[in-house]
Structure formats: C-alpha cells, structure tokens
Amino acid sequence: MINEKRLRKMCFFAVLSFIGFCSMAILVKARILYRFEHTVIHFIQGLESEPLTIVMKFFTRIGSFPSIMVIFLLVLIILVFYKSKVKLLIFGAVVLGTPILNTILKLSFHRVRPNLHRLIEIGGYSFPSGHSMNAVSVYCVIAYLLWNQIPGRIGRIVLIITTSLFILMIGISRIYLGVHYPSDVLAGYLASSSWILAVIWFYHKYVSRG
C-alpha cells in the first residue's frame, strides 16, 4: 500500500503533467513553436543514415499498437497466472485506456502531420503522438509493477534507465521518420504521465480501500 505522502506526490505530478500538456496544446494552437520545431526536425533528420534508419524503424515498431498489444497480452497472461488482481487492474486500465484517450485527443485537435521529409507513410492526426503515449503507459506501468520485485538499488537504476531509453528512442524515432512534430511527442509523454499517475493514485486512494 502506498502511504499518504507518496499519494500526495503522485497527485501533484499528475496535475503537473496535465498542466504541462494543456500548456503544450495552447502553444501548438497558437503556432508559437513553429520555427523551433522545424529547427529540431531538421537537426534530427539531418542525422539520417541507413543504419540509423533501421534503428529508428525498430523503435517505432515496438511503440506501435500491434507490438503494444503483444506486450499487453504477454504481461496479462503472467499477471493472471500469478493471480495478481491489483496489478492486473492497474495494468489493464492504463494500457487499454491510453489508445482511447489518444483517439479522443487527436480528434479534438485535428493537427495535420508534418510533411517535410517522411521516411514512412502513415495516416491520421498528429497531436499528441500515439506512439509516445503508448511508450510511456506500457513501459512505465511495467516498471511500476516490477519495482518491488527487483532487489537492490543497482537493479532499479537499470530498470529506470532501460525504461527511459525505450521511451525516449520511440519518441525520437517518430520525429526522425518525419511523422510527428517534437511537440506531438512531448505532449504524448505528458498526457500519458498524467494518465498513468491518475490511475495508480485513484486505485490506491479509493478502490483499494473499498
């Protein structure tokens, strides 16, 4: 059980992430970030090479909906096998809720994808990035579920670094491949951070006390 102090911190960061997302949405609507974003895009795409493109396509693939569903089913089977009802509830709510939230947000903002130099083709709206939201939700909630199972500080540091690396690379891959603006990626991170923290907070604050 998470104590009250940690719950308050969790609530604070959930609200902070939500405010960050709203701020990003306002900046995008006002087109304030236009020049900065194009500078970032040109810099990242300026690193283009055949080996790097292969790496970026790999990371964008593991952040895609089919890959996320495979990971979801595997973790689901493990949680059912170990009869971890609490973890199952949190995991299911976070992962299944994320694509629904992303769809609602994309239909709300209707932002067209960048059309500068695409290395892959994809349809749909741009803001916020679905891959970035999926990455934060899935990999962060897995890290959360594994936290108490990993003994020692070094093991947990490795878990944090690995999780952060995957999330960061998935986001950068979307910019590199030309299908998202940097603000799409950052907004996706913020939206999912708020969502996962809210789910965990709500569970421990109300559901577990029934």
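Located above this text is the structure these notes cover.
Quick caveat, the model's predicted, so the values are computed rather than measured.

Caption draft 1: Inspection of the overall build of the protein chain at higher detail. Of the regular secondary structure elements, the protein chain holds 8 helices and 0 strands. Radius of gyration (C-alpha) of the protein chain: 18 Å, near the 17 Å computed for a compact globule of 210 residues. Viewed in the frame of its principal axes, the protein chain has a C-alpha envelope of about 50 × 35 × 30 Å. Put simply, the protein chain has 210 residues, and 42% of those count as buried. Partitioning the contacts of the protein chain with sequence separation of at least 6, the portion at a separation of at least 24 is 80%. Summed over its atoms, the accessible surface of the protein chain is roughly 11,800 Å², and 72% of this surface lies on carbon and sulfur atoms. Charge-centre separation for the protein chain: the mean point of 21 positive side chains lies 15 Å from the mean point of 6 negative side chains.

Caption draft 2: Looking closely at the packing of helix α4 (residues 65-81) against helix α5 (residues 85-109). With their axes 10 Å apart at the nearest point, α4 and α5 run at an angle of 165° to one another. What the angle tells us is that α4 and α5 run roughly antiparallel. Handedness of the α4/α5 crossing: left-handed. Between α4 and α5, the residues in contact are F65, I68, M69, F72, V75, L76, L79 and V80 and K87, L88, F91, G92, V95, L96 and P99, respectively. Taken together, the residues of the contact of α4 with α5 break down into 13 nonpolar, 1 polar and 1 charged.

Caption draft 3: Fine view of the packing of aromatic side chains. Going through the model one piece at a time under the given rule, you end up with 8 aromatic pairs. Ring plane angle 75° and centroid distance 5.2 Å describe the contact between F58 and F59, whose orientation is recorded as edge-to-face. Looking at F58, the relative accessible area reads 41%, which means it is partly exposed. Owing to a relative accessible area of 11%, F59 belongs among the buried residues under this scheme. Taking the centre distance of 5.6 Å and the plane angle of 50° together, the rings of Y139 and F166 count as tilted. Placement of Y139 in helix α6 (residues 130-146) and of F166 in helix α7 (residues 153-176) is noted, with a sequence separation of 27 residues between them. Looking at Y139, the relative accessible area reads 13%, which means it is buried.

Caption draft 4: Broad picture of the environment of S64. Among the structural elements, S64 can be located in the loop between α3 (50-62) and α4. Sequence separation between S64 and I170 is 106 residues, and the spatial gap between their C-alpha atoms is 9.3 Å.

Caption draft 5: Structural context of the side chain of K106. On the secondary structure map, K106 appears in helix α5. No salt bridge is formed by the buried K106, whose closest oppositely charged neighbour, D184, lies at an N-O distance of 8.0 Å. Setting aside residues up to four positions removed in sequence, K106 forms contacts with R113, Y125, S126, F127, P128, G130 and H180.

Caption draft 6: Expanded view of the environment of A187. By secondary structure assignment, the location of A187 is in helix α8 (residues 182-205). For A187, a relative accessible area of 0% translates into the label buried. On a C-alpha basis, the gap between A187 and M133 in space is 8.4 Å, while along the polypeptide they are 54 residues apart. Each residue touching A187, except ones within four places of it in the same chain, is listed here: F21, M24, F127 and P128.

Caption draft 7: Representation of the pattern of salt bridges within the structure. Taken as a whole and assessed by the stated rule, the structure comprises 3 salt bridges. Salt-bridge contacts for R111 lead to E37; the nearest nitrogen and oxygen are separated by 2.9 Å. Highlighted residues: R111 in the loop between α5 and α6 and E37 in helix α2 (residues 34-45), separated in sequence by 74 residues.

Thresholds, definitions, all that
Residues numbered from 1 in each chain as written. Predicted model: local features only at pLDDT ≥ 70, side-chain atom pairs only at ≥ 80, totals over all residues. Heavy atoms only, no water. Helix = DSSP H or I, 4+ residues; strand = E, 2+ residues; numbered from the N terminus. Rg over C-alpha atoms; globule rule 2.2 N^0.38 Å. Buried < 20%, exposed > 50% of the residue type's maximum accessible area, 1.4 Å probe, protein only. Contact = heavy atoms within 4.5 Å. Areas by Shrake-Rupley, 256 points an atom, 1.4 Å probe, with all protein chains shown as cover. Lys, Arg positive; Asp, Glu negative; His and termini not counted. Charge placed at Lys NZ, Arg CZ, Asp CG, Glu CD. Axes fitted to C-alpha atoms, helices over the stretch in contact; angles between N-to-C directions. Parallel < 35°, antiparallel > 145°, perpendicular 65-115°, else oblique. Left-handed = near helix turned anticlockwise from the far one by under 90°. Nonpolar A, V, L, I, M, F, W, Y, C, P; charged D, E, K, R; others polar. Phe/Tyr/Trp six-rings, centres within 6.5 Å; stacked < 30°, edge-to-face > 60°. Salt bridge = Lys/Arg side-chain N within 4 Å of Asp/Glu carboxyl O.

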